[in-house]
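For reference, the chains in residue letters:
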Amino acid sequence: MAHSDKDSQEKQACEEGPGICAMMLTIFSLFLIVISLPLSLFCVVKVVQEYERAVIFRLGHLLTGGARGPGVFFVIPCVDVYEKVDMRSQTYEIPPQEILTKDSVTVFVNAIMYYKVANATNAVANVDDFSGSARLLAATTLRNVLGTLTLGDILCQREAIAKDMKTTLDEGTQPWGVMVERVEVKDVRVPEQLQRAMAAEAEAARNARAKVIAAEGEYNSSRALRQAAEVIMDSPAALQLRYLQTLNSISAENNSTIIFPVPIDIMSNFMQCKQNQSENQMNPEQYHQFQQFQQYQQQHPPIQPIPPPPTTKPKPPPAKTMPGSEECSVKQLIGQEKNLMTSIN
């Protein structure tokens, strides 16, 4: 692998070799460096960081040996030109892309790409802007990959989508000296109408599953209750134990509540005993007469009386008032008042 990289770098170097003019300029630059020592050291000695590499061009030709660094390297002023390349990983957030899926649904998808420079020489010599080229290629690859999938596949198969995108980007960025480390689908946005439709569908499915589960629970509980009833019928003492267990659970939650369960059998026996006592208190003759009376009522039910026909009485005629009777009565009252006044005086 190292041998192939060295061969590729040698091919990129000048095949014709330096000419006479190039050699003369190089010798003249070296002569100036020697004359201007130690001031020339500020222009000759260069340093690059651990995460950087320097690609040197001498008189426009790429020097053999690849990129220099990290550390100290030397250049010849007026002859050599170098360019630093950052080898650290970089992050690029792909802007939201409007994509038409395979099932004709419009979605907006954005992703994140992590990449770095693997070969500084190729990144400088083979492409103008390796970072911008890699970013544009990532946006185009995202649209191409997701355009062949349905909406369900995009939502469920994010890892597979990331792997496909990484493979496609590696093939495109390898000649540029760029290596894609990782690609992740960040967000998938669908229209609001489609969101409501999907939410309604999911809610309906959940309700259906809930009803099925509830029905299964009712079926299992009914079978368990039936088995419990059969056990209690076989052993009456189990019912009393169940009563005691219920009292224990109630007393644990509500200490102020006391419940005494009274079975219906006890009540029926109590009522029967009361009836027997009332029958025993009767004399034999009274009891015999009571039985005969009941038999007579059963054989001869009572006859309901026929209601009499309704009678209508004629209304009395209204009393007739003689004309002037009201005036006479008023005059009498006035005369009585005068007599009372005279008697008082």
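Residues numbered from 1 in each chain as written. Predicted model: local features only at pLDDT ≥ 70, side-chain atom pairs only at ≥ 80, totals over all residues. Heavy atoms only, no water.

### Things to note about the side chain of Ser 131
Consideration 1: Within the element layout of this structure, Ser 131 appears in helix α5 (residues 130–146).
Consideration 2: What makes Ser 131 buried here is its relative accessible area of 13%.
Consideration 3: Apart from the residues within four sequence positions on either side, Ser 131 is in contact with Gln 90 and Tyr 115. (Helix = DSSP H or I, 4+ residues; strand = E, 2+ residues; numbered from the N terminus. Buried < 20%, exposed > 50% of the residue type's maximum accessible area, 1.4 Å probe, protein only. Contact = heavy atoms within 4.5 Å.)

### Focus: the pattern of salt bridges
Consideration 1: This structure, assessed with the given rule, holds seven salt bridges.
Consideration 2: Salt-bridge contacts for Arg 58 lead to Asp 80; the nearest nitrogen and oxygen are separated by 2.6 Å. Residue Arg 58 is located in strand β2 (residues 52–58), and its partner Asp 80 is located in strand β5 (residues 80–86); the two are separated by 22 residues in the primary sequence.
Consideration 3: Classification of Arg 58 by relative accessible area gives partly exposed; the value is 27%.
Consideration 4: A relative accessible area of 11% means that Asp 80 is categorised as buried.
Consideration 5: Put simply, Arg 182 and Glu 184 hold a salt bridge, and the shortest N to O gap is 2.8 Å. (Salt bridge = Lys/Arg side-chain N within 4 Å of Asp/Glu carboxyl O.)

### Section: a nonpolar patch on the surface
Consideration 1: On the surface, a nonpolar cluster with roughly 420 Å² of combined accessible area is contributed by Phe 28, Phe 31, Leu 32 and Ile 35.
Consideration 2: If you trace the backbone, Phe 28 turns up in helix α2 (residues 20–35). (Patch = residues over 30% accessible without salt bridge, like charges linked within 9 Å, V, L, I, M, F, W, Y side chains within 5 Å. Areas by Shrake-Rupley, 256 points an atom, 1.4 Å probe, with all protein chains shown as cover.)

### Some details on the packing of α5 against helix α7 (residues 158–173)
Consideration 1: One can describe the packing of α5 onto α7 by two numbers: an axis separation of 10 Å at closest approach and a directional angle of 135°. In terms of axis orientation, α5 runs oblique to α7. Here α5 runs over α7; the crossing is right-handed. Residues Ala 134, Leu 137, Ala 138, Thr 141, Leu 142, Val 145 and Leu 146 of α5 lie in contact with α7, whose contacting residues are Ile 161, Asp 164, Met 165, Thr 168, Leu 169, Gly 172 and Thr 173.
Consideration 2: Considering only residue class, the contact of α5 with α7 consists of nine nonpolar, four polar and one charged. (Axes fitted to C-alpha atoms, helices over the stretch in contact; angles between N-to-C directions. Parallel < 35°, antiparallel > 145°, perpendicular 65-115°, else oblique. Left-handed = near helix turned anticlockwise from the far one by under 90°. Nonpolar A, V, L, I, M, F, W, Y, C, P; charged D, E, K, R; others polar.)

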